[in-house]
Amino acid sequence: MAGNEIAISVQGLKKYYNNIPVLTGVDFQVKTGSIFALLGSNGAGKTTIVKILTTLLKPDSGKAAVNGFDLVAKPENVRQVISLTGQFAAVDEVLTGRENLIMIARLRHLNNPRQVADDLLKRFGLTDAAERRVSGYSGGMRRRLDIAMSLVGKPQLIFLDEPTSGLDPEARIEVWKIVKELADSGTTVFLTTQYLEEAEQLADQIAILHKGRIIAGGTLAELKKLFPPAKVEYVEKQPTLEEIFLAIVGKKEDK
Amino acid sequence: METTIKHFISDMVIMLGRSMRHIFRSMDTIITVTLMPIAFMLLFVYVFGGAIQTGTDNYVNYLLPGILLIAIASGISYTAYRLFIDMQRGIFERFHSMPIARSTVLWGHVLTSLLSNAISVIIIILAALVMGFRSSAGVLSWLAVAGILALFTLALTWIAAIAGLSAKSVDGASAFSYPIIFLPFISSAFVPTDSMPSGVRAFAENQPVTSIVEAVRSLLMGQPVSNDIWVALAWCLGILVVAYTFAMLAYKRKIA
């Protein structure tokens, strides 16, 4: 799945806000076609890294490149290949779902914006809601539309900044499925999360950001090696509330 | 280069179309920028007008310029609101991370402000015509009126941009417009300044609205325009340059 080409490379990245250090020397690499999870608590600097990598912020020092293009020198080339799904669903509330997608397709100068919109609406289960204004959408529907808007024009690299925060368990699993499908189709996915489980479920590579620095990184297996070997214990496994919730809701839908 | 220009224009058209849709889908905006000024006009002409001595036989003729400025001042508060919402909801960031002509994101709002205010000005003039407004102005005078109003709109739009780009809350983004909406009331827009107490009168005669109102009124009445038009233009250009500078500073602070 993951090739050996490098989609993102970051070296010694530093960023200050009003002389307060936010990033104090960040290094990592993301392989093309892989899912990379940046794990960290609130305020660790995850969003700052996403903003720098999507050309919204300039780093104070250090080097960063996307698909070989330097972010500071060649932002135009970077924007050609990336797409951003920010922390808050960046959708136009006044427009309908279809109008949102058509707008993005036209901004990307695609030949057939309506067709592109229809395909994505179908793929994300939004066809029935296509003519409704987004202000009436649920949180999960907004997030699906948000991600669909990021996929217009088939970018090679997608940034998802905390894509599941504020979503209910079903919508979250829905987003996970989308992310996995994206990676399967060859898209490189860079996501940030504060949920350990999310990183564990999705990521090929995980980096843990703490106080503006990557303190650990690697595959899940590699990270697990950093800790003492697992002991075998027998514990009665209680279902989590989430499992109960999903089981009940699932049953209802079967009827 | 040619495709860059082509893309710039098409991106701009998309941005303009988007925020014009916002206006046409917002009952609130339509009521505030067209129906409210018309209601003011009705109120002043048919309720207060009989008691106001302006020295002109037709009060609608006297009143119209001030009403147009109030409409524009209310209109630009929505420009600030739309800009603020775009910044806050992350749509700005989405656009800025896309391969588009970046400046169209901000200029789309500016163009929308000019176009939508032009539309409400035309609607209000039509309503005034129904109420008995008559003008003896020729084509050139009308063009001059359009020019002054466009410049006034542009100047206020950049003030709105400062508010929209630097506000911390939705209320803050549109609150700045209230004093501007209020300015015409302390000017020669509704009553001649002669009747005001000297302190108020000094303010009224030297604030920008009076010169703009007087210039537009003279042009519409087919009277010779005095110095007022140059004072009006100087005010508009001055505000425009200062507001644009500060708006750009606010914009650069937000966008790397």
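Above this note sits the structure.
Just so it is clear, the model here is predicted, and its values are computed rather than measured. (Residues numbered from 1 in each chain as written. Chains lettered and ligands numbered in written order. Predicted model: local features only at pLDDT ≥ 70, side-chain atom pairs only at ≥ 80, totals over all residues. Heavy atoms only, no water.)

Novice: Help me out: how do you make sense of the overall build of chain A in this one?
Specialist: Counting its regular elements, chain A contains 9 helices and 10 strands. Against the 2.2 N^0.38 benchmark of 18 Å for 255 residues, chain A shows a C-alpha radius of gyration of 19 Å, consistent with a compact globule. Projected onto its principal axes, the C-alpha coordinates of chain A cover approximately 55 × 50 × 35 Å. Residues counted as buried form 47% of the 255 residues belonging to chain A. For chain A, restricting intrachain contacts to residue pairs at least 6 apart in sequence, the fraction spanning at least 24 positions comes to 67%. Of the charged side chains in chain A, 33 are positive and 31 negative, and the gap between their average positions amounts to 4 Å. (Helix = DSSP H or I, 4+ residues; strand = E, 2+ residues; numbered from the N terminus. Rg over C-alpha atoms; globule rule 2.2 N^0.38 Å. Buried < 20%, exposed > 50% of the residue type's maximum accessible area, 1.4 Å probe, protein only. Contact = heavy atoms within 4.5 Å. Lys, Arg positive; Asp, Glu negative; His and termini not counted. Charge placed at Lys NZ, Arg CZ, Asp CG, Glu CD.)

Novice: Quick question: what am I supposed to make of the sheet that holds strand β1 (residues 6-17) of chain A here?
Specialist: Within a sheet, neighbouring strands are paired by backbone hydrogen bonds and run either parallel or antiparallel to one another. Residue and element names in this part refer to chain A. Read from one edge to the other, the open sheet built from 4 strands follows the order β2-β1-β4-β5, with strand pairing classed as antiparallel. The open sheet is flanked by β2 (20-31) and β5 (69-70), the only strands paired with a single partner. Bridge count for strand β4 (residues 61-66) against β5 is 2 bridges, and the pairing is antiparallel. Bridging from a neighbouring strand, A65 pairs with D70 of β5. Sheet contacts for helix α1 (residues 46-53): β1, β2 and β4; angle to β2, the most-contacted strand, approximately 65°. (Pairing = 2+ DSSP bridges. Axes fitted to C-alpha atoms, helices over the stretch in contact; angles between N-to-C directions.)

Novice: I keep staring at the packing of aromatic side chains and nothing clicks. Help me out?
Specialist: The description of two aromatic rings rests on the distance between their centres and on the angle between their planes. Residue and element names in this part refer to chain B. As enumerated under the stated definition, the model contains 14 aromatic pairs over all chains in all. Through a chain of ring-to-ring contacts, the aromatic side chains of F40, F44, F48, F182, F185 and F190 assemble into a single cluster. Its guanidinium or amino end placed over the ring of Y62, R217 lies 3.5 Å from that ring's centre, counting from NZ or CZ. (Phe/Tyr/Trp six-rings, centres within 6.5 Å; stacked < 30°, edge-to-face > 60°. Lys NZ or Arg CZ within 6 Å of the ring centre and 35° of its normal.)

Novice: In this structure, what is going on with the side chain of K46(A)? I would like to understand it.
Specialist: Residue and element names in this part refer to chain A. Locating K46 in the fold gives a position in helix α1. Note on K46: relative accessible area 4%, which makes it buried. Other than its neighbours up to four places away in sequence, K46 contacts L38, L39, G40, S41, E162, T192, T193, Q194 and L209.

Novice: What exactly am I supposed to notice about the pairing of β2(A) here?
Specialist: Put simply, side chains in a regular strand alternate between the two faces of the sheet. All names here are of chain A. Where β1 and β2 come together, 9 bridges link them in antiparallel fashion. The residue bridging S9 from the neighbouring strand is Q29, located in β2. Count of turn residues in the β1/β2 antiparallel hairpin: 2 residues, of which N18 carries a positive phi of about 50°.

Everything listed here is a matter of geometry and, on its own, says nothing about what the molecule does.
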